[in-house]
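One-letter residues, chain by chain:
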Amino acid sequence: MALPLYYNWRNLQRRKLSTTLTFIVVTVVVVVLCVLLSFTAGIRASLAATGTNLNLIVLKPGATAESTSVLVPDEIGRLVQTPGIALGSDGSPLMSRELCVQTTVPRRLSARDKEPAPANVAIRGVDPIAFDLHREVRIIDGRSFQSGTMEIVVGKAAHDRYEHTNIGDEIVLGRMENRIYKVVGVFDAGGATFESELWAPRTSISDSYLRRFDSSVVMRLQSVAATKAAVEFINGPTVQLEAKPEPQYYEDLSKKTQDIVVLSTILVSIMAMGAIFAVANTMFATVDGRRREIAMLRTIGFGKWAILVSFVVESLLICVSACSVGLVLSLLAGGVKQDFLSDTTWTVLAFEMKITPGILVAAFMLSVIVGVFGAITPALRASRMRIIDALRKA
Amino acid sequence: MPESEIELRDVRKVYYKDRIDIPVLEGLNLSVPAGEFAVLMGPSGSGKSTLLHLIGGLDSPTSGSIRVADSNLEQMNERELTAWRSRNVGFIFQMYHLVPVLTAAQNVELPLLLFRMPSSERRKRVATALGVVGLGDRMDHRPNQLSGGQEQRVAIARAIVTDPRMILADEPTGDLDAKTSEEILNLLNTLNTEFGKTILMVTHDPRAASHGQRLLHLDKGVLERDERTPARAPAAVS
Ligand SMILES: Nc1ncnc2c1ncn2[C@@H]1O[C@H](COP(=O)(O)OP(=O)(O)OP(=O)(O)O)[C@@H](O)[C@H]1O
Ligand SMILES: [Mg+2]
């Protein structure tokens, strides 16, 4: 038979300070876990949503990302010969020359900050054909830009986050920061990383930034089966560039992100260990302070098992309630939009804090593990105590 | 002769500590009939508490046999002893050992939680037990809101709430003044005469000893003297 819950509950109130401290430690661990998991889920979702295996992205060999790749017109000309390349309705090859530059844009003011913090944002110069290759990109408000004009469309995530991205707003770009672009539309990209970008006519961007080259070429293949031959042709002696299917490119791009995830996992594990020790410490103090009480309970007929369970339950009361508070805090922070600086491209990927059922379960499990592992040694000590010894000593 | 409620035969108890044997009880024989109020006295360290713990099934003898409330304790394992204690013995300690965070009623209710019974039944029994010790109006008080004498009354209520056959008390008045001690001892007398409980009480106080019907003297591990106290007669056993 078990001891009643109110017995544990009252005892927790008896030692307010150590209970509170332990509570805070577990809450912090839960919040960190939630942030980490929702962050990982966000990055994964956004990278998974980007790209199709029908598209090859072509870069300069050795370039780690579009931002560090330089393709000259000569090289691009040779790409037209790629076997298996898809043709558009007008019979020309489906190939999108893209030029990536970046600029700083002030973030939208949130309730918390007083001054708008600037963010590095990627600008992609594209020709209209780009929309035939990146079919996930759809204008959801306003219209697309017109070729050769100083018009710009903004990704949905960028629109949510940065100033001067409403339709009709003006954004100053260019190497000399003297070219004024007008926002004419907002686009959705099905959650892809493009949503964090600004897109403008390639020729205009090339002009504004005095760039006589492109960053990358995206080409459409007739079928996925054509990938191998196409990649071999492009990587081979004829073209001497580097081609990858889009999903693979974005996956490689996320390798750095993976490192951060691994590091954070280690961090959370260490924090959880710390929490276990904090719980154990509190519970040891409790057990020592209640030796006679334990002896009395054993004397009147409570078994070892009842004592063991009671202390584990007491620890779980702290940990699970701390978990609930941590989850509520995380839920309140839900929808908070956090930018993540991709350190490969030095531009930001926007991600949103979101507590999914999976994260709820993970947080709950973590708090239960911390509670049980923290309590088990002190609880064992309590249950194994010899009654007559505990009755004697003060 | 009423049958023995407590029967010890040739009980030896040797503690083993820091590689030395500490013999405490050496071949002790004792028989306490049901319904008797026996008092155990003796110098400090003579083994009074040890004897009480053996009789209460809190510890096992090194050798010898202990038969209490129709059970052979030396043959029972720890689980069986735990269950046996909850059904047959009520313990009263010098330091009361109440749970400070629980109310008087909740403290008294603790032993009942080991039994399957509806909570209304539990409440009724708690009220009865607290009524017997004269604290019916202090149900919701915490131990720190009670005097020492009242705390010991709550502890007595806790000891009798399961209606055990026997009460084992280790210096129950050791921490109380003379007047309060007298009240507690009268209460024990009531439990003995009106409720027929067999009582074994350890005490250092000769006046407390006079409340029992029988006085046992323990010294150096053996019972030195065993005498009847004149004034009181044993309770009638139904
Ligand atoms: N758990 C134990 N381990 C080792 N020695 C013990 C233990 N319990 C009791 N003793 C020893 O046994 C002897 C008897 O102790 P016990 O507590 O039974 O005496 P007592 O008659 O109750 O004394 P007091 O009147 O002071 O309460 C003492 O010498 C004590 O040191
Ligand atoms: Mg003693």
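Rules used in this analysis
- Residues numbered from 1 in each chain as written.
- Chains lettered and ligands numbered in written order.
- Predicted model: local features only at pLDDT ≥ 70, side-chain atom pairs only at ≥ 80, totals over all residues.
- Heavy atoms only, no water.
- Helix = DSSP H or I, 4+ residues; strand = E, 2+ residues; numbered from the N terminus.
- Rg over C-alpha atoms; globule rule 2.2 N^0.38 Å.
- Buried < 20%, exposed > 50% of the residue type's maximum accessible area, 1.4 Å probe, protein only.
- Contact = heavy atoms within 4.5 Å.
- Areas by Shrake-Rupley, 256 points an atom, 1.4 Å probe, with all protein chains shown as cover.
- Domains from an automatic or database assignment.
- Patch = residues over 30% accessible without salt bridge, like charges linked within 9 Å, V, L, I, M, F, W, Y side chains within 5 Å.
- Salt bridge = Lys/Arg side-chain N within 4 Å of Asp/Glu carboxyl O.
- Pairing = 2+ DSSP bridges.
- Axes fitted to C-alpha atoms, helices over the stretch in contact; angles between N-to-C directions.
- Buried area = accessible area lost by both parts, 1.4 Å probe.
- Polar contact = N/O pair within 3.5 Å; in protein donor to acceptor, adjacent residues only side chain to side chain.
- Near = heavy atom within 4 Å.
- 1 Å grid on protein atoms, 1.4 Å probe; cavity = no way out; pocket = protein on both sides within 12 Å on 5 of 7 lines; lining within 4 Å.
- Points joined across faces, edges and corners; volume = space filled by probe spheres on them.
- Nonpolar A, V, L, I, M, F, W, Y, C, P; charged D, E, K, R; others polar.
- Arc of directions from axis to C-beta.
- Core = buried A, V, L, I, M, F, W, Y, C linked by side-chain atoms within 4.5 Å.

### Quick notes on the overall build of chain B
Per the secondary structure count, chain B includes seven helices and ten strands. Computed over the C-alpha atoms, the radius of gyration of chain B is 18 Å, within 12% of the 18 Å expected from 2.2 N^0.38 for a compact globule of 238 residues. The principal-axis extents of the C-alpha atoms in chain B amount to approximately 45 × 40 × 40 Å. Expressed as a percentage of its 238 residues, the buried residues of chain B come to 55%. Considering only contacts in chain B between residues 6 or more positions apart, those separated by 24 or more positions represent 70%. Here chain B has roughly 10700 Å² of accessible surface; of this, 47% comes from carbon and sulfur atoms.

### A short note on the domain arrangement of chain A
The domain boundaries assigned to chain A delineate domain 1 (5–47 + 257–393) and domain 2 (51–245). Summarising the inter-unit geometry, the C-alpha centres of domain 1 of chain A and domain 2 of chain A are found 46 Å apart.

### What to know about a nonpolar patch on the surface
All names here are of chain A. On the surface, Leu 360, Val 361, Met 365, Ile 369 and Phe 373 cluster together to form a nonpolar patch covering roughly 480 Å² of accessible area. Turning to its location among the elements, Phe 373 is positioned in helix α12 (residues 357–384). You can call Phe 373 exposed: its relative accessible area is 52%.

### Focus: the sheet that holds strand β9 (residues 214–219) of chain B
Residues and elements named next belong to chain B. If you trace the six strands from one edge of the open sheet to the other, you get β6-β7-β8-β3-β9-β10, paired in mixed fashion. On the outer flanks of this sheet lie β6 (89–92) and β10 (222–228), each paired with one strand and no other. Ignoring which end each strand starts from, the neighbouring axes of this sheet average 15° apart. Across four bridges, β6 lies against strand β7 (residues 166–170) in parallel orientation. Across the sheet, the residue bridging to Phe 91 is Leu 168, located in β7. Against the sheet, helix α2 (residues 78–88) contacts β6 and β7, and its axis sits at roughly 80° relative to β6.

### Examining the interface of chain A and chain B
Taken together, the contact pairs 22 residues of chain A with 25 residues of chain B. Each partner contributes to the roughly 2300 Å² buried at the junction of chain A and chain B, and carbon and sulfur atoms together form 66% of this total. At the junction of chain A with chain B, the criterion picks out two salt bridges. The interface formed by chain A and chain B contains six residue pairs in polar contact (both at pLDDT 80 or more). When contributions to the side of chain A that touches chain B are tallied by element, the ones reaching two or more residues are α1 (5–14), α10 (291–299) and α13 (387–392) of chain A. In terms of residue count, α10 of chain A provides more of the side of chain A that touches chain B than any other element does, six residues in total.

### Some thoughts on the site of ligand 1
Close contacts around ligand 1 come from 17 residues, with Ser 44, Gly 45, Lys 48, Ser 49 and Thr 50 of chain B the closest. Arg 392 of chain A places a side-chain nitrogen or oxygen 3.1 Å from an oxygen atom of ligand 1. Side-chain polar atom of Lys 48 of chain B to an oxygen atom of ligand 1: 2.7 Å apart, as the coordinates give it. Protein contact buries 78% of the 630 Å² of open area that ligand 1 shows by itself.

### Description of the side chain of His 134 of chain A
Residue and element names in this part refer to chain A. Residue position: His 134 is located in the loop between α4 (130–133) and β4 (138–142). For His 134, the side chain forms a polar contact with the side chain of Glu 98, separated by 2.7 Å. A distance of 3.5 Å separates a polar atom in the side chain of His 134 from a polar atom in the side chain of Glu 246. With residues near it in sequence (within four places) discarded, His 134 still touches Asn 55, Glu 98, Phe 194, Trp 199, Val 218 and Glu 246.

### Quick notes on the layout of surface pockets
As a volume, the largest pocket reaches approximately 830 Å³. Lining the largest pocket are 28 residues; nearest its centre among them are Ile 388 and Arg 392 of chain A together with Ser 49, Thr 50 and His 53 of chain B. Broken down by secondary-structure element, the contributors of at least two residues to the lining of the largest pocket are α13 of chain A together with β1 (4–17), β2 (20–33) and α1 (48–55) of chain B. When grouped by side-chain class, the residues that make up the lining of the largest pocket number nine nonpolar, ten polar and nine charged.

### Brief notes about the pairing of β9 of chain B
Two faces, one strand: in a regular strand the side chains alternate between the faces of the sheet. Residues and elements named next belong to chain B. For β9, the buried fraction is high: five of the six residues fall into the buried class. With six bridges joining them, β9 and β10 adopt antiparallel strand pairing. Among the inter-strand pairings, Leu 218 is bridged to a residue of β10, identified as Leu 223. Taking the residues that link successive antiparallel strands as the turn, the β9-β10 hairpin has two residues, and the phi of Lys 220 there is positive, at about 50°.

### What to know about empty space enclosed by the protein
It is the rolling of a water-molecule-sized probe over the atoms that shows where space remains empty. Following the criterion strictly, the structure yields three cavities of 30 Å³ or more and no others. Of the volumes computed, that of the second largest cavity is approximately 70 Å³. For the second largest cavity, the full set of lining residues is Ile 300 of chain A together with Ser 86, Val 89, Gly 90, Phe 91, Pro 111, Arg 158, Ala 159 and Thr 162 of chain B. Elements represented by at least two residues in the lining of the second largest cavity include exactly β6 and α5 (148–160) of chain B. In terms of residues, the lining of the second largest cavity owes the most to one element, β6 of chain B, which gives three residues. Of the residues belonging to the lining of the second largest cavity, the class tally is five nonpolar, three polar and one charged.

### Focus: the pattern of salt bridges
Residue and element names in this part refer to chain A. Applying the stated criterion to the full structure yields 30 salt bridges over all chains. Taking the shortest distance from any N to any O, the salt bridge between Arg 290 and Glu 314 comes out at 3.0 Å. Of the two residues, Arg 290 sits in the loop between α9 (255–289) and α10 while Glu 314 sits in helix α11 (residues 304–332), which places them 24 residues apart along the sequence. The two residues Arg 290 and Glu 314 agree in class, both being buried. Here the residues in one salt-bridge network are Arg 14, Arg 15, Arg 290, Glu 293 and Glu 314, joined through shared partners.

### Here we look at α1 of chain A
Turning to α1 of chain A, its buried residues number three or more, namely Tyr 7, Asn 8, Asn 11 and Leu 12 of chain A. The arc that holds the buried residues of α1 of chain A, viewed along the axis, is 135°, so those residues lie on one side.

### Brief notes about the nonpolar core
One finds Phe 302 and Val 370 of chain A together with Leu 8, Ile 55, Val 68 and Leu 110 of chain B to be the most contacted residues of the largest nonpolar core, which totals 80 residues. Per-element accounting of this core gives the leading share, nine residues, to α11 of chain A. When sequence neighbours within four positions are dropped, the list of residues in contact with Leu 8 of chain B reads Leu 28, Asn 29, Leu 30, Leu 51, Ile 55, Ser 65 and Ile 66 of chain B. Counting 37 residues, the second largest nonpolar core, distinct from the first, contains Val 161, Ala 169, Leu 185 and Leu 187 of chain B.

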